[in-house]
Amino acid sequence: PAIQALVDEVLADNPNEPTVMGMLGIDAFEAGDFEGAIDNWRRALATDLPPGVAEAMRQGIDVAQRRLAAQQAPKASSGGTTVAVTVSLATGLGEAFGPQTTVFLVARDSAGQLPPLAIQQLRLADLPATVTLDEGDAMSPMASLKNVDEVRLVARVSPSGQARAQAGDLVGELTGVAVGGADEDPVALTIDRVVE
């Protein structure tokens, strides 16, 4: 709430303040709101930005547009750069949450040095669900499943819908998951604990 109040204060003075637009774009992208991310980044690009920042936003818009297109079409096979995972919820968890509660599935590099390599957004009602992550799920063209041989998978139920973990979220994790081909059997990932 405090951060949102500051954002509202800045936008009241300058509705297209580029730093805030950039941050709101990232937040929208991580929440799976690709249209919102594109809108915020385009508003920022309408201002006078340093060339490097402007280029990063243009790349972000390109990725968001591809993600939007991917939501409307069946996924093509990515050969040897996919991770198949069956996500489920441990018995007794999440009973107080509604069926539309957001679930994030994220693949990260094992060393934790890169941005998320792949991300998909589900609903609690979808679980259990078998999902195939591929290069089309990357957040950035500079970091995707093709960059690594194995990943750490994190599935998180987010009642707030926020991409960043908060107390009360439910989470499950698998480490050392090999990146393989489309014919690989899915690994099992159970959401089994509460974020403190």
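In this report, we go over the structure that sits alongside the text. (Residues numbered from 1 in each chain as written. Predicted model: local features only at pLDDT ≥ 70, side-chain atom pairs only at ≥ 80, totals over all residues. Heavy atoms only, no water.)

Further remarks concern the overall build of the chain. A count of helical and extended segments in the chain gives 4 helices and 8 strands. For 196 residues, the compact-globule formula gives about 16 Å, and the C-alpha radius of gyration of the chain, at 18 Å, lands near that figure. Overall, the C-alpha framework of the chain stretches about 50 × 40 × 30 Å when taken along its three principal axes. A total of 196 residues make up the chain; the buried ones form 40% of that total. Considering only intrachain contacts with a sequence separation of at least 6, the fraction spanning at least 24 residues in the chain is 63%. Surface summary for the chain: the accessible area is close to 10,400 Å², and the carbon and sulfur share equals 52%. Taking the 13 positively charged and 27 negatively charged side chains of the chain as two groups, their mean positions are separated by 2 Å. (Helix = DSSP H or I, 4+ residues; strand = E, 2+ residues; numbered from the N terminus. Rg over C-alpha atoms; globule rule 2.2 N^0.38 Å. Buried < 20%, exposed > 50% of the residue type's maximum accessible area, 1.4 Å probe, protein only. Contact = heavy atoms within 4.5 Å. Areas by Shrake-Rupley, 256 points an atom, 1.4 Å probe, with all protein chains shown as cover. Lys, Arg positive; Asp, Glu negative; His and termini not counted. Charge placed at Lys NZ, Arg CZ, Asp CG, Glu CD.)

It is worth spelling out the sheet that holds strand E4 (residues 129–133) at this point. Within a sheet, adjacent strands bond to each other through the backbone by hydrogen bonds, running parallel or antiparallel. The strand order across the open sheet formed by 3 strands is E4-E1-E7, and the pairing between neighbours is mixed. Edge positions in the sheet fall to E4 and strand E7 (187–191), since each of these pairs with one other strand and no more. Across the sheet, the mean angle separating the axes of adjacent strands is 30 degrees when strand polarity is ignored. Across 5 bridges, strand E1 (residues 83–89) lies against E7 in parallel orientation. In the strand pairing of E7, Val85 is matched with Val187. (Pairing = 2+ DSSP bridges. Axes fitted to C-alpha atoms, helices over the stretch in contact; angles between N-to-C directions.)

Among the nonpolar cores identified, the biggest contains 27 residues, and Leu105, Leu127, Leu133, Leu145, Val151, Leu153 and Ile191 are the most heavily contacted of them. Dropping the residues within four chain positions of it, Leu105 is found in contact with Val85, Val87, Ala118, Ile119, Gln120, Val131, Leu133, Val154, Ala155 and Leu189. Within the second largest apolar cluster, 20 residues are counted, among which are Leu49, Ile61, Ile119 and Met139. (Core = buried A, V, L, I, M, F, W, Y, C linked by side-chain atoms within 4.5 Å.)

Let's shift gears to the packing of helix H2 (residues 18–30) against helix H3 (residues 34–45). Packed helix pairs are characterised by how far apart their axes lie and by the angle those axes make with each other. Direction vectors running N to C along H2 and H3 enclose 165 degrees, while the axes themselves pass 8 Å from each other. Considered as vectors, H2 and H3 are oriented roughly antiparallel to each other. Crossing of H2 against H3: the hand is left-handed. Contacts between H2 and H3 involve Pro18, Met21, Gly22, Leu24, Gly25, Ile26, Ala28 and Phe29 from the first element and Phe34, Gly36, Ala37, Asn40, Trp41, Arg43 and Ala44 from the second. Class assignment for the residues of the contact of H2 with H3 results in 10 nonpolar, 4 polar and 1 charged. (Parallel < 35°, antiparallel > 145°, perpendicular 65-115°, else oblique. Left-handed = near helix turned anticlockwise from the far one by under 90°. Nonpolar A, V, L, I, M, F, W, Y, C, P; charged D, E, K, R; others polar.)

Before going further, it helps to spend a moment on the pattern of salt bridges. Scanning all chains against the criterion turns up 7 salt bridges. Residue Asp126 is joined to Arg123 by a salt bridge in which the shortest nitrogen-to-oxygen separation is 3.0 Å. (Salt bridge = Lys/Arg side-chain N within 4 Å of Asp/Glu carboxyl O.)

Moving on: the layout of surface pockets. Counted as a void, the largest pocket has a volume near 500 Å³. As for the largest pocket, its lining consists of 13 residues, of which Ile3, Met23, Asp27, Gln162 and Arg164 are closest to the centre. Elements represented by at least two residues in the lining of the largest pocket include exactly helix H1 (2–13) and H2. When residues of the lining of the largest pocket are assigned to their parent elements, the largest contribution, 5 residues, is made by H2. (1 Å grid on protein atoms, 1.4 Å probe; cavity = no way out; pocket = protein on both sides within 12 Å on 5 of 7 lines; lining within 4 Å. Points joined across faces, edges and corners; volume = space filled by probe spheres on them.)

Taking strand neighbours across the sheet as the criterion, the 5 strands line up as E3-E2-E5-E6-E8 in an open arrangement whose pairing is antiparallel. Two strands bound the open sheet, and with one partner strand each, they are strand E3 (118–123) and strand E8 (193–194). Alignment of strand E6 (residues 170–178) against E8, held across 2 bridges, turns out to be antiparallel. For Leu170, the partnering residue across the bridge sits in E8 and is Val194.

What follows concerns H2. Given a rise of 1.5 Å per residue, 13 residues ought to cover 18 Å, and the 18 Å separating the end C-alpha atoms of H2 matches this to within 8%. One side-chain oxygen of the residue at the start of H2 lies 3.0 Å from the amide nitrogen of Thr19, identifying that residue as Glu17. (Expected span 1.5 Å × (residues − 1). Polar contact = N/O pair within 3.5 Å; in protein donor to acceptor, adjacent residues only side chain to side chain.)

A word on the packing of aromatic side chains. Under the criterion given, the structure shown has 2 aromatic pairs. Through successive ring pairs, a cluster of aromatic residues spans Phe29, Phe34 and Trp41. (Phe/Tyr/Trp six-rings, centres within 6.5 Å; stacked < 30°, edge-to-face > 60°.)

Just distances and angles here, no functional claims.
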